[in-house]
Amino acid sequence: MDIFILEKIVQEIRETILDCEFRTAYSLPDNTISIEMRGRDTFYLIISASSQFPRIYINTGQSSKPGKSSFASTLNIHLNRTRLTSISQIDGERVIECIFEKETIWEENEIRKLIVEIMGKHSNIILCRDGVIIDAIKRVDSTKSRVRQVLPGLDYEYPPRREIIPFSNLEDYLESFPALTVEEFLIKNIVGIGPLSIEEISARAKLDKKRVISSLDADELDALKTAIRSFREDLNRVSPVVYLDDGGNPESFYIFPLTFKRNRYEIHKSLISASARYYNWIIPHLLLENRKKSLIKELNSQIESLEKRKVELEEALSRLEDPERWKLYGDILLGFNHQISPGSDKFSAEWSGEKIDIPLDPEKTPVENAQEYYERYRDEKREKEVLPGLISEIDKKIRELSKKMEEIERITSPEELEGEKPRLTKEEALPYSAYKINGYDVWVGKNAKSNELITFKLSSPSDIWFHAKGYSGSHVILRTNGKRLEYIPEEVILESARLAAKHSRAKSGVKVQVDYTYRKNVRSAGKKRGNVFYTNYKTIVV
């Protein structure tokens, strides 16, 4: 809020609600409060510490649905049955002090001071008693500012002030700042001057605001001085206007008609009326656009996750060989069982006129090797059946999310957005949670259905399976890409185990035992989804 507009609005607020009784404080979005004040009429004093639109003005009604907050509750406790006895602006600063008083049962005046700092992203609303902070809508600790903390119990300190030239004869100091542009000179010497005021002064001087003062000739310098003087004089002739865009909606407002703007405008009787007209339109639509951006960003994030998952599934599908080959290996090993020497790491046989070399685990019998190939056959056959369906399902969800994004982009009113719930649950967005640990993919089941999916349909026999010992919880799959357990880095095993402990019913903070084994050692334990039994496991404590 421009400092010149702020000065005039504070004057009008003083004339309108001074000596009115505080009734209730409400919380509004974006660090904003609405204070209901009761005199002969009811007014709503709107005060905002928004980073984008810090402001103070009066409304005749609630501009948006009020809510609750701890700061609003604090105001209701401390300002109950008080009257606004003073409202003033610190000279040359964007700091407003509102004094609320009430008479106690001992016929003494109890005073509370509500300080409003209109300072861009550093804006704040602070409640004080006897110079001590009771609370603030934005608490500022030493991690946010080493210069000035704003916390309950601390003495209130005014924001740091800088030495500036008096506005009453600002033009006399132009030659003292030859290296500055016109715009830089005004910003440096008028605390809180807004873009419209800078444009107006520059337009009156018929100068580009980016011109360096030392580059101005004598006539241009005189024109700039005259422009500052005439602007200062016109500030006393208040004739508020609200400028409209091509659609007839408020675009900006000012104290008087600006010479450089050619837009259509509305004339208002007061700055309070003009500011209410502007903010009551721009704030809901700003919140609408911010909400739309947030929802679209969220949907984009979900689409990116789905597309990434789709690529993973497509890669997994492309890596799958013909499952029938593993069945053939099993059949051959059983058929030539008695011809295979114990401890062999390979067996070669003629089959249908073709020589076939079959790798063997020398520590296992031919029958056990055959069983492993049959299991691999079943797993890969199942994956080949399941993966295309999952990819198709992801494509469908991506189309749905893209359509939802288009619908949100077309929304033009807050009421239309009210019923929108585009957020998908995690279960809808992805069938499981995916992590990367030192380059290894780790999957975490989200529920019984998801546990079954990653354990028995998507993982490979050589992957590592984790589960918290003695607790219900998620199955965790560490994708090994065929590597044996002893070649997996210890920290990857440890982090995977921690995920299993974290996604279990084990209490936070306690040491948890986590069992882990090759996925091929895990079997379904019956009809109930997700229940398993497992063998040949190790245990780690995390």
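Residues numbered from 1 in each chain as written. Predicted model: local features only at pLDDT ≥ 70, side-chain atom pairs only at ≥ 80, totals over all residues. Heavy atoms only, no water.

Visitor: Looking at this structure, I do not really get unusual backbone geometry. What am I missing?
Guide: For residues other than glycine, phi is negative in most cases, and the peptide bonds are mostly trans. Residue Asn31 is not a glycine yet carries a positive backbone phi of 55°. Mapped onto the secondary structure, Asn31 falls in the loop between strand 1 (21–28) and strand 2 (32–38). Exposure remark for Asn31: the relative accessible area of 31% places this residue in the partly exposed category. The phi dihedral of Asn536 falls on the positive side, at around 50°, and the residue is not glycine. Structurally, Asn536 is set in the loop between strand 21 (532–534) and strand 22 (538–541). (Helix = DSSP H or I, 4+ residues; strand = E, 2+ residues; numbered from the N terminus. Buried < 20%, exposed > 50% of the residue type's maximum accessible area, 1.4 Å probe, protein only.)

Visitor: What's the story with the packing of aromatic side chains in this structure? I'm lost.
Guide: Describing an aromatic ring pair means giving the distance of the ring centres and the angle of the ring planes. One pass over the structure, following the stated rule, counts 22 aromatic pairs. Aromatic ring contacts, followed pair by pair, group Phe4, Phe167, Phe231, Tyr254 and Phe256 into a single cluster. The cationic tip of Arg55 hangs over the ring face of Tyr279; the distance from NZ or CZ to the ring centre is 5.5 Å. (Phe/Tyr/Trp six-rings, centres within 6.5 Å; stacked < 30°, edge-to-face > 60°. Lys NZ or Arg CZ within 6 Å of the ring centre and 35° of its normal.)

Visitor: Got a minute to help me understand the layout of surface pockets in this structure?
Guide: Space left empty within the atom packing is revealed by a probe, the size of a water molecule, rolled over the atoms. Within this model, the largest pocket holds a volume of roughly 920 Å³. Surrounding the largest pocket, 29 residues form its lining, Glu372, Arg376, Pro461, Ser462 and Gly482 being those nearest its centre. Put simply, the parts of the chain that give the lining of the largest pocket at least two residues each are helix 6 (271–319) and helix 8 (366–410). Of the residues forming the lining of the largest pocket, the biggest block, seven residues, is contributed by helix 8. Split by residue class, the lining of the largest pocket holds nine nonpolar, six polar and 14 charged. (1 Å grid on protein atoms, 1.4 Å probe; cavity = no way out; pocket = protein on both sides within 12 Å on 5 of 7 lines; lining within 4 Å. Points joined across faces, edges and corners; volume = space filled by probe spheres on them. Nonpolar A, V, L, I, M, F, W, Y, C, P; charged D, E, K, R; others polar.)

Visitor: What is the right way to look at the sheet that holds strand 15 (residues 432–437) in this model?
Guide: Each strand in a sheet pairs with its neighbour through backbone hydrogen bonds, running either in the same direction (parallel) or in the opposite one (antiparallel). Strand order in the open sheet made by the six strands is 15-16-18-17-19-22, with antiparallel pairing throughout. Two strands bound the open sheet, and with one partner strand each, they are strand 15 and strand 22. When the angles between neighbouring strand axes are averaged without regard to direction, this sheet yields 25°. Where strand 17 (residues 464–468) and strand 18 (residues 476–478) come together, three bridges link them in antiparallel fashion. Of the residues in strand 18, the one forming a bridge with Trp465 is Ile477. Across the sheet, helix 11 (residues 448–458) is in contact with strand 15, strand 16 (440–445), strand 17 and strand 18; its angle to strand 16 comes to roughly 135°. (Pairing = 2+ DSSP bridges. Axes fitted to C-alpha atoms, helices over the stretch in contact; angles between N-to-C directions. Contact = heavy atoms within 4.5 Å.)

Purely spatial values, then, with no claim about function.
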